[in-house]
Amino acid sequence: MADSIEEIVDGVAAPFYFGQILVTKREGTGFVLSHRDDASLNQLQTHRDAENAIEIAKYDDAGNYRPLKTAPNLRHGWRLELATVEELRRALDYFYPSRLAVFAGWKSGYLKTTALRETLDRQSGMYRVAAKISDPQINDLVADFCRSDSGCLRTILWKRDRNGVIASTKLPKEKFDPGIDQVMAADYSLRPAGDSRASHSEAATVPLFCQEACNLLVAECRKVVKAESA
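A brief structural summary. (Residues numbered from 1 in each chain as written. Predicted model: local features only at pLDDT ≥ 70, side-chain atom pairs only at ≥ 80, totals over all residues. Heavy atoms only, no water.)

1. Some points on the environment of R160
Here is step 1 of the chain: With respect to the secondary-structure elements, R160 resides in the loop between β6 (155-156) and β7 (204-205).
Here is step 2 of the chain: When the C-alpha positions of R160 and D135 are compared, they lie 8.4 Å apart, and in sequence the two are 25 residues distant.
Here is step 3 of the chain: Excluding residues within four positions of it along the chain, R160 makes contact with A115, L116, R117, D135, I138, N139, V165, I166, A167, S168 and T169.
Here is step 4 of the chain: At a separation of 3.4 Å, a polar atom in the side chain of R160 contacts the main-chain carbonyl oxygen of I166. (Helix = DSSP H or I, 4+ residues; strand = E, 2+ residues; numbered from the N terminus. Contact = heavy atoms within 4.5 Å. Polar contact = N/O pair within 3.5 Å; in protein donor to acceptor, adjacent residues only side chain to side chain.)

2. Here's the deal with the sheet that holds strand β2 (residues 21-25)
Here is step 1 of the chain: Spatial strand order, β4-β5-β3-β2-β1-β7: six strands in an open sheet with mixed pairing. Each edge of the sheet is formed by a strand with only one pairing partner; in this case those strands are β4 (45-47) and β7.
Here is step 2 of the chain: Where strand β3 (residues 31-35) lies against strand β5 (residues 78-82), four bridges are found, and the strand directions are antiparallel. The partner of S34 across the bridge, within β5, is R79. (Pairing = 2+ DSSP bridges.)

3. Considering the pairing of β2
Here is step 1 of the chain: Across three bridges, strand β1 (residues 16-18) lies against β2 in antiparallel orientation. In the strand pairing of β2, F16 is matched with V23.
Here is step 2 of the chain: Adjacent in sequence and paired antiparallel, β1 and β2 are bridged by two residues, among which G19 carries a positive phi angle near 65°.
Here is step 3 of the chain: Where β2 and β3 come together, five bridges link them in antiparallel fashion.

4. As for the pattern of salt bridges
Here is step 1 of the chain: Evaluated as defined, the whole model comprises 13 salt bridges.
Here is step 2 of the chain: For the salt bridge of E86 with R89, the shortest nitrogen-to-oxygen distance reads 2.8 Å. With a gap of three residues between them, E86 and R89 both fall in helix α3 (residues 85-95), about one helical turn apart.
Here is step 3 of the chain: The exposure class of E86 is partly exposed, given its relative accessible area of 32%.
Here is step 4 of the chain: Here the residues in one salt-bridge network are R26, R48, R79 and E81, joined through shared partners. (Salt bridge = Lys/Arg side-chain N within 4 Å of Asp/Glu carboxyl O. Buried < 20%, exposed > 50% of the residue type's maximum accessible area, 1.4 Å probe, protein only.)

5. Side note on unusual backbone geometry
Here is step 1 of the chain: Despite not being glycine, S98 shows a phi value in the positive range, around 70°.
Here is step 2 of the chain: By secondary structure assignment, the location of S98 is in the loop between α3 and α4 (99-108).
Here is step 3 of the chain: Residue S98 is classed as partly exposed on the basis of its relative accessible area of 38%.

Listed below in structure tokens is the structure:
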């Protein structure tokens, strides 16, 4: 898998997008990372260590902690200069943990997805009750919690159950399309009803894939069930 990851970051021609990050080539050798909104800005705080990505990714612009690293709230105002592909790989993994590995698995055809019902059924302890959530509740919750403009920038690959039911019928089809840049697609809520225009970015995009419901979504499922029984 490591070789595949190296191939990803070395084989995708810069510039490319990875979530809210723009990766460009430096003059000579190396790479420059910045928030994609800051591409035209010069007055950015410069860092030169891959480990600096840990702190950059920790808080949003308002200083609030980011529990979900793939949420569309990466802070602005920074520039990360890295000398090698290995440093680039580490930094991207700090920004979006495990997403490179998931992409490598998908690219190679070995990525396995897990249906939400299966994820919920294997919960134990205080989260066991989450499995009692109804299909209509899942439809509403996923549409709100996972939406790209305010929830999560991952492209959903998992299904609601083993029958292959879509995660939520209230999300646009772009949310499930590996070829769509979710940052560019995040304006879907502003479109007229029935408008499902694809949102492709100008630069290449390495998508953030979601192969299984995250712990935060499982926790939200539990909240929905508990609220109903209260």
